[in-house]
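Residue-level structure breakdown
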Amino acid sequence: MTDYGHDLRFGTFLPAEAANAAEALRLAVRTEELGLDMTSLQDHPYQARFLDSWTQLSVIAAHTERITVFPNVVNLPLRPPAVLARAAASLDLLTGGRVELGLGAGAFWDAIEGMGGPRRTGGEALKALEEAIAVIRALWSDERSARVDGEHYRLQGAHPGPGAAHDIGIWVGAIKPRALALTGRLADGWLPSSPYVPPEQLAESNRRIDEAADAAGRRPRDVRRLYNIAGTFRGDGREFLQGPPKVWVEQLAELAVTEGMSAFILMAQAGGDSDLERFALEVVPAVRELVAAERTHPGTTAAVVPPEPAPAPIELRTRNETLATPTPDDGTRRSSERPWDESERPTGPASDPAVRYSARQRASGQHLIDVHNHLREELTQLQDLVEQVAAGAMDLGRARSMINTMAMRQNNWTLGTYCESYCRVVTTHHTIEDLSLFPRLRAADPGLVPVVDRLEAEHHVIADVLERVDQALVAMVSRPESIVAVRSAVDLLTDTLLSHLSYEERELVEPLSRYNVM
């Protein structure tokens, strides 16, 4: 069991096809908007269908402000290391320190040779990689001149520079034993992909890296462990990353605390907004919380945090300033249709106003509100889409495609799905697979049963309203005047969804804090 203690980082591996250039850029921007840490591109210069990775990374960097960009990984035989060193340092300088360098020894030698590159044996490729790392580091140094006398690459008095904005990491994409040993001796990171190095092979690969690091006088933790991952949110969880978010959370957290993997890079697909959002909003926060709890108290998922002093209370459903504040329903209604009677909504038991909650307890209610705020933002986007269709600025096919990728369309706003990520943070990972939120709340407090039953019923109503939006868009294909019906359906969705989210927050922020904490 090895945890190197690195901070957790999450990102995306973007499509590289020229035909998807605009989509890759959009996904990169979305990666940043969702709060992830990095984005990357594969590098296959011989592939005619792909854009040049460094050009594309530069454009992505220019359209983002915070995320790290890196090649995943550079094809060394077609990238002279001296030029590569200056390119990476230049982009790092221009972006204020947002570049890392994924580096590979090379593959697909027929294609490399066809582009005028060298054909190398396995041993030659590793030797060239070792020399390339020396060249790159020499040109990033503060020395007046750089010299490397290698069989494949040489520097004969080259002047280092320009200086990068930060110490760029060299992350090697290694699979075989000798490449893993080289990674342990020389690299700052190891960057395998789950389709090529499945989880069951990580322990042996890490052992080889660690042994080589020790032999070279380095600490094993000097090598960050990153992992390109591919999966689906469908499935029964028996295979790696084949199941709902709770499966992803448990499996990734397990790899972090037992195999030392500290960066997970999702292989994003064109049009894959729904999966990206589930990863960023449901999986990533829960993995961070679970790993942090395991590191604090091994064998549990949550540390008991002493209550913090609370300032003067304000009105919630009960008076308790320590809880997150629900978003109120302002009573505004855009539609004359009423799919339910709000006056019949049950209310749960009142909480004790004298109770004070820990930071971890408060976070449970705030997480629910954060997820809901994302859905409120999507609702605003949906309203804008409808107006663009009405103005002729967007075709119906594009509008329907965008709606189908929204989290609300995938029912991610439902409390049941929310629980898939959050419940595992606040319960022990040994039992989480058998738990879901509604049964926990019903069992914890029978007084909440009517509230939970009502919330479930409203979920079905909102799903039906979403279908009405889609049906109205279909009708517009033959009857443009049906935009009136589209607007009407979106107005009804706005009324029902906003009302429902406020009701859910009002009733469950406090019970979530009270019952779902160790």
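This text goes with the structure placed above it.
Residues numbered from 1 in each chain as written. Predicted model: local features only at pLDDT ≥ 70, side-chain atom pairs only at ≥ 80, totals over all residues. Heavy atoms only, no water.

1. Concerning the packing of helix H5 (residues 122-139) against helix H6 (residues 177-186)
Relative orientation of the contacting elements H5 and H6 amounts to 15°, with a least axis distance of 11 Å. Judged on the interaxial angle alone, H6 and H5 are roughly parallel. Of the two possible hands of crossing, H5 and H6 adopt the one that is right-handed. Listed contacts from H6 to Gly-122, Gly-123, Leu-126, Leu-129, Glu-130, Ile-133 and Arg-137 of H5 are Arg-178, Ala-179, Leu-182, Arg-185 and Leu-186. Split by residue class, the contact of H5 with H6 holds six nonpolar, two polar and four charged. (Axes fitted to C-alpha atoms, helices over the stretch in contact; angles between N-to-C directions. Helix = DSSP H or I, 4+ residues; strand = E, 2+ residues; numbered from the N terminus. Parallel < 35°, antiparallel > 145°, perpendicular 65-115°, else oblique. Left-handed = near helix turned anticlockwise from the far one by under 90°. Contact = heavy atoms within 4.5 Å. Nonpolar A, V, L, I, M, F, W, Y, C, P; charged D, E, K, R; others polar.)

2. Considerations on the nonpolar core
Within the largest apolar cluster, 80 residues are counted, with the highest numbers of intra-cluster contacts made by Trp-54, Leu-103, Trp-190, Ile-229, Leu-252, Phe-279 and Val-287. In terms of residues, this core owes the most to one element, H5, which gives ten residues. With near-sequence residues (within four places) excluded, Ile-229 lies in contact with Ser-194, Phe-240, Leu-241, Trp-248, Leu-252, Phe-264, Ile-265, Leu-266, Met-267 and Phe-279. (Core = buried A, V, L, I, M, F, W, Y, C linked by side-chain atoms within 4.5 Å. Buried < 20%, exposed > 50% of the residue type's maximum accessible area, 1.4 Å probe, protein only.)

3. Examining the packing of aromatic side chains
Two measures describe an aromatic ring pair: the distance that separates the ring centres and the angle between the ring planes. Scanning the entire structure with this criterion turns up seven aromatic pairs. Considering the side-chain rings of Phe-70 and Trp-171, the 5.1 Å spacing of their centres and the 80° angle between planes classify their relative orientation as edge-to-face. Taken together, the residues Phe-70 in strand E3 (residues 68-71) and Trp-171 in strand E8 (residues 170-172) connect sequence positions 101 residues apart. Each member of the pair, Phe-70 as well as Trp-171, is classed as buried. Each ring, one from Tyr-227 and one from Phe-240, has its centre 6.3 Å from the other, and the planes form 40°; the classification is tilted. Of this pair, Tyr-227 sits in strand E10 (residues 224-229) while Phe-240 is found in the loop between E10 and helix H8 (245-259), placing the two residues 13 residues apart along the sequence. By relative accessible area, Tyr-227 is classed as buried at 0%. By way of ring pairs, the aromatic residues Phe-10, Phe-233, Trp-248, Phe-264 and Phe-279 are connected into one cluster. Arg-225 extends its terminal NZ or CZ atom over the ring of Tyr-4, reaching a point 4.0 Å from the ring centre. Across from the ring centre of Phe-233, 5.1 Å away, lies the NZ or CZ of Arg-278, which sits over that ring. (Phe/Tyr/Trp six-rings, centres within 6.5 Å; stacked < 30°, edge-to-face > 60°. Lys NZ or Arg CZ within 6 Å of the ring centre and 35° of its normal.)

4. Section: the layout of surface pockets
Considering only enclosed or pocket space, the largest pocket measures out at about 1200 Å³ in volume. Surrounding the largest pocket, 40 residues form its lining, Val-73, Gly-106, Ala-107, Gly-173 and Ile-175 being those nearest its centre. Mapped by element, the contributors of at least two residues to the lining of the largest pocket are strand E1 (9-14), strand E4 (74-75), H5 and H6. Element by element, the count of residues in the lining of the largest pocket is highest for H5, at four residues. Considered class by class, the residues forming the lining of the largest pocket number 23 nonpolar, 13 polar and four charged. (1 Å grid on protein atoms, 1.4 Å probe; cavity = no way out; pocket = protein on both sides within 12 Å on 5 of 7 lines; lining within 4 Å. Points joined across faces, edges and corners; volume = space filled by probe spheres on them.)

5. Observations concerning the sheet that holds E3
Reading across from one edge, E3-E2-E1-E11-E10-E9-E8-E5-E4 is the order of the nine strands in this open sheet, with parallel pairing throughout. In the strand order of this sheet, the two ends are held by E3 and E4, each with one partner. Sheet topology note: the strand E9 (residues 189-190)/E10 ladder contains two bridges and is parallel. When the bridges of E10 are listed, Gly-189 appears paired with Arg-224. Together, E1, strand E2 (38-41), E3, E4 and strand E5 (101-104) form the strand contacts of helix H2 (residues 53-62), whose direction differs from that of E3 by roughly 175°. (Pairing = 2+ DSSP bridges.)

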